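Architecture at a glance
For reference, the chains in residue letters:
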Amino acid sequence: MYSPQRKDFVSLTLGDQYSRSYTNGKHRRQSCWRKWKQLSRLQRSLILFLLAFLFICGILSYPSLTEQWRGLSDRSLKEDWVEMDNGGLRPIPPGLVPKIPPGVVPGFQDIPPEVMPEIQRPSIPLLPKPPAMRKPPSKRGPPVLQKRGNVSDWQVKDGEEEIVKRDEDGGKEAKTVISWRGAMIEAEQGTELQSTAHGKEGTVADAEKAASLKPVTVKAVDRVEAVREAFRHAWKGYKAFAWGHDELKPISKTHGEWFGLGLTLIDALDTMWILGLKDEFAEARKWVETELSFSKNVDVNLFESTIRILGGLLSTYHLTGDTLFLDKAKDIGFRLMPAFKTPSKIPYSDVNIGKGTAHPPRWTTDSTVAEVTSIQLEFRELSRLTQDPQYQNAVEEVTRQVHRLEGKRDGLVPMFINTNSGKFTRRGAFTLGARADSYYEYLLKQWLQGGKKETELLEDYLQAIEGVRKNLLRQTSPSKLTFVGELSNGHLNPKMDHLVCFLPGTLALGAHNGLPADHMDLALQLMETCHQMYAQMETGLSPEIAHFNLQSSNGRDIDVKPADRHNLLRPETVESLFYMYRFTKDSKYRDWGWDILQSFNKYTRVPSGGYTSIGNVRDPVNPAPRDKMESFFLGETLKYLFLLFSDDSELISLDKYIFNTEAHPLPIWPSTS
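Residues numbered from 1 in each chain as written. Predicted model: local features only at pLDDT ≥ 70, side-chain atom pairs only at ≥ 80, totals over all residues. Heavy atoms only, no water.

Assigned secondary structure in the protein consists of 19 helices and 21 strands. Across the protein, the fraction of contacts at a sequence separation of at least 24, relative to all contacts at a separation of at least 6, is 68%. As displayed, the protein has an accessible area near 30800 Å², and 53% of this comes from carbon and sulfur atoms. (Helix = DSSP H or I, 4+ residues; strand = E, 2+ residues; numbered from the N terminus. Contact = heavy atoms within 4.5 Å. Areas by Shrake-Rupley, 256 points an atom, 1.4 Å probe, with all protein chains shown as cover.)

Now the structure itself:
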């Protein structure tokens, strides 16, 4: 029963207790302070040092402790959520990702049924990610059963619809997912496994039940049609947001300019013809006829405009017989000729195609060796078609000078050459990567283009390959992957650009044309290494540069530095896969190319149209899209993938055509030429 007197008594008692507690606490604080002051300065310093040390240890151990806590469950969105500061883009929080029905491959819901890929990732150990980005250790199972934390919102299509079909035979239900594009994937009956995607372990009964089920299977895939669909998707973005401009920025839905000459469109002309995309080719041709003009006051790079524009127009003329493209090729070829008006006849790097003037870069009078020695296929072919020798004479003068220059090392050339003196500069550095790569490629291909008659070209090529073996070739530890390093003042740097992955295909092409058989042996070894540069990355995509371990202490063959983790949708590996399959018919090369296409679709495909280069191949959660689709993705990468998967070996026969370094096929000259 309630009593006012009892209330007063309780209040008084509590107040007295509080007063005594406060007084005692105050005395205790004063006592502690007196004891602290009684300590010597040395004792106080030691105590403070010990406390600071414990605090620092706690800070350092915090990331690893929190990582272990996160592995226990997925109870919080904040634990798995990685913000993405790239144009306002953010990945989907894992907790918001819908449950994926069995048989459905994450990231492909917007691809039509005939091109739907079946994920068959190789069972190769991935490089571990940096500690701060490592996935929770409790996740298990193949990639298709793991959490879709790696799908960003720029890769997600809405409008998905899930339906349930009843099997005609047993009456059991099998789920099918239909996207807005009508993509359909059917799982086998009774194959819905208990996923451990979110770090949760199923019961023993669940595990036994799952073990007794058949593996998930997917409909057979038309890989050729998959490439066509990928091209159409990229073209859709280009047409919608960058029509007539050089490059597509697919995420921001805008365009970028380099020369202002429609690079992507011209680069893709022969790809569309080879893929049989008649409607897309017709609209591109109309733009070339009505809009493409080279009468512009603009500086262009001699090398890039030669391999992409001149090469693309010449190739399209040969494939179609349409003189529109030959006329445009004559126009741009003539406008590029002022580049050769130098004291040494080694061309300048830049030409103003409107004014008819040329100049070196602002910071140097040097040109790169690859640029001045990788324009010969195109200008020689232009002379053959026009019967005007000036183009061939200009580029062959460059070839003759480089052939007799001093400063080589066993056939290997430095990276720079001076346009005034005509001499190599910055000697001592040798690479098959950037600034030198296509020099070696064009030695072999000019020899083939001319009907195997120009022996100096063949001699330089054979000597260079021996120089690679002697100076640049090494093997990794522990897996003994063969790679091509770089030499700098006698010191080997175990670093290889993705660009070097052109070499397996070039070696195989030479062996196919009667060069030593050990060239093919080396091609096989290097092809495996280039494949591993993809397979050992978490996204299945290669970095721009890989560093190889000669004496590995961490059990890994390949390391990737943070600045080298980007992928630009480059073609060199799939180019070599195409050559290797054509010459060996080994289906593993097709499978490796298929893995690469799937990874492009999963990590670089933008729903509104187009594909984007990415900044971090080591992070599938946030691959850091760069919002740029290079023209060579349509001009080279998808073309080589299509030819790799095509069963028609006469489609661009390698006994009748050679590809320039931008994948534009040019004919091997008849013996009467």
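Taking the numbering used here, the UniProt-annotated feature "binding site: Ca(2+)" (unreviewed entry) corresponds to Thr-661. For Thr-661, the position within the fold is in the loop between β20 (657–659) and β21 (665–667). At 3.0 Å, the side chain of Thr-661 and the side chain of Glu-441 are in polar contact. (UniProt positions renumbered as here; feature names shortened; annotations may be inferred. Polar contact = N/O pair within 3.5 Å; in protein donor to acceptor, adjacent residues only side chain to side chain.)

Where helix α5 (residues 223–241) meets helix α18 (residues 588–603), the closest approach of the two axes is 12 Å, and the angle between their N-to-C directions is 30°. The angle between α5 and α18 falls in the class roughly parallel. Viewed along their axes, α5 and α18 form a crossing whose handedness is left-handed. Residues Arg-223, Ala-226, Val-227 and Ala-230 of α5 form the contact with α18, whose participating residues are Arg-590, Asp-591, Trp-594 and Leu-597. Of the residues in the contact of α5 with α18, the class split is 5 nonpolar, no polar and 3 charged. (Axes fitted to C-alpha atoms, helices over the stretch in contact; angles between N-to-C directions. Parallel < 35°, antiparallel > 145°, perpendicular 65-115°, else oblique. Left-handed = near helix turned anticlockwise from the far one by under 90°. Nonpolar A, V, L, I, M, F, W, Y, C, P; charged D, E, K, R; others polar.)

It is worth spelling out the environment of Thr-254 at this point. On the secondary structure map, Thr-254 appears in strand β5 (residues 254–256). Residues Thr-254 and Lys-628, 374 residues apart in the sequence, show an inter-C-alpha distance of 9.7 Å. Ignoring anything within four residues of it in the chain, the contact list for Thr-254 reads Phe-241, Ala-242, Glu-247, Leu-248 and Lys-249.

Spatial strand order, β12-β15-β16: 3 strands in an open sheet with antiparallel pairing. One side of each edge strand has no neighbouring strand; the edge strands of this open sheet are β12 (429–430) and β16 (491–493). Pairing between β12 and strand β15 (residues 486–488): 2 bridges, direction antiparallel. Each bridged residue has a counterpart across the sheet, and for Ala-429 the counterpart in β15 is Ser-488. (Pairing = 2+ DSSP bridges.)

Turning next to the pattern of salt bridges. Using the criterion set out here, one finds 30 salt bridges in the structure. In this structure, Glu-397 engages Arg-400 in a salt bridge whose closest nitrogen and oxygen atoms are separated by 3.1 Å. Taken together, the positions of Glu-397 and Arg-400, both in helix α12 (residues 390–404) and 3 residues apart, correspond to about one turn of that helix. Assessed through its relative accessible area of 38%, Arg-400 is described here as partly exposed. Its salt-bridge partner being Arg-469, residue Asp-518 comes within 3.7 Å of it at the nearest N-O pair. (Salt bridge = Lys/Arg side-chain N within 4 Å of Asp/Glu carboxyl O. Buried < 20%, exposed > 50% of the residue type's maximum accessible area, 1.4 Å probe, protein only.)

This paragraph deals with the side chain of Asn-549. Locating Asn-549 in the fold gives a position in the loop between β18 (545–548) and β19 (558–559). Engagement of the side chain of Asn-549 in a polar contact is seen with the backbone oxygen of Arg-556, the distance being 2.8 Å. Within polar-contact distance, the side chain of Asn-549 engages the side chain of Asp-559 at 3.1 Å. When residues no more than four places from it in sequence are discounted, the contact partners of Asn-549 are Thr-476, Ser-477, Asn-554, Arg-556, Asp-557, Ile-558 and Asp-559.

The tally for this structure, following the rule as stated, stands at 1 disulfide. Across the disulfide, Cys-501 is cross-linked to Cys-530 (sulfur-sulfur distance 2.1 Å). Taking the sign of the S-S torsion, -105° for the link of Cys-501 and Cys-530, the bridge is left-handed. Remark: Cys-530 occurs in helix α16 (residues 517–535) and Cys-501 occurs in the loop between β17 (495–497) and α15 (503–512); sequence separation between them is 29 residues. A residue is classified by how much of its surface remains accessible, and Cys-501, at 0% relative accessible area, is buried. (Disulfide = S-S within 2.5 Å.)

Moving on to the packing of aromatic side chains. Tallying each qualifying case throughout the model produces 20 aromatic pairs. Considering the side-chain rings of Phe-578 and Tyr-579, the 5.3 Å spacing of their centres and the 50° angle between planes classify their relative orientation as tilted. Consider the rings of Phe-578 and Tyr-640, whose centres lie 5.8 Å apart with planes at 35°: the pair is tilted. Within this pair, whereas Phe-578 is found in helix α17 (residues 572–584), its partner Tyr-640 is found in helix α19 (residues 631–645), the two being separated by 62 residues in sequence. In this pair, the class of Phe-578 matches that of Tyr-640, namely buried. Pairwise contacts between aromatic rings join Phe-578, Tyr-579, Phe-583, Tyr-640 and Phe-659 into one cluster. Cation over ring: Arg-426 sits above Phe-416, and NZ or CZ is 3.8 Å from the ring centre. (Phe/Tyr/Trp six-rings, centres within 6.5 Å; stacked < 30°, edge-to-face > 60°. Lys NZ or Arg CZ within 6 Å of the ring centre and 35° of its normal.)

What follows deals with the packing of α5 against helix α7 (residues 278–290). Between two packed helices, both the angle of their axes relative to each other and the distance between the axes serve to describe the pair. Relative to each other, α5 and α7 sit at 30°, their axes nearing to 12 Å. The angle between the axes of α5 and α7 places the two elements in the roughly parallel class. When the axes of α5 and α7 are compared, the crossing they make is left-handed. For the pair α5 and α7, the contacting residues are Arg-232, Trp-235 and Lys-239 in the first and Glu-280, Glu-283 and Ala-284 in the second.

Below, the discussion takes up the sheet that holds β17. The sheet built from 3 strands is open, its strands ordered β17-β18-β19 with antiparallel pairing. Here the strands that pair on one side only, and so sit at the sheet edges, are β17 and β19.

On to a nonpolar patch on the surface, then. On the surface, Ile-47, Leu-48, Phe-49, Leu-50, Leu-51, Phe-53 and Leu-54 cluster together into a nonpolar patch covering about 720 Å² of accessible area. Position of Leu-51 relative to the elements: it lies in helix α2 (residues 41–72). (Patch = residues over 30% accessible without salt bridge, like charges linked within 9 Å, V, L, I, M, F, W, Y side chains within 5 Å.)

Below, the discussion takes up the nonpolar core. Judged by nonpolar contacts, the single largest core of 150 residues is most densely connected at Leu-269 and Val-484. In this view, Leu-269 contacts Phe-281, Ala-284, Val-288, Leu-313, Thr-316 and Phe-325; residues no more than four positions away in its chain are not counted. (Core = buried A, V, L, I, M, F, W, Y, C linked by side-chain atoms within 4.5 Å.)

Moving on to the environment of His-531. Inspection of the secondary structure assignment puts His-531 in helix α16. We classify His-531 as buried; its relative accessible area is 8%. Distance from His-531 to Gly-593, taken between C-alpha atoms, is 9.0 Å for residues 62 residues apart in sequence.

Now for unusual backbone geometry. The omega torsion across Ser-477 and Pro-478 is 10°, close enough to zero to call that bond cis. Even without glycine at this site, Lys-253 takes up a positive phi of about 55°. Within the fold, Lys-253 resides in the loop between β4 (247–249) and β5. The partly exposed category is assigned to Lys-253, whose relative accessible area is 45%.

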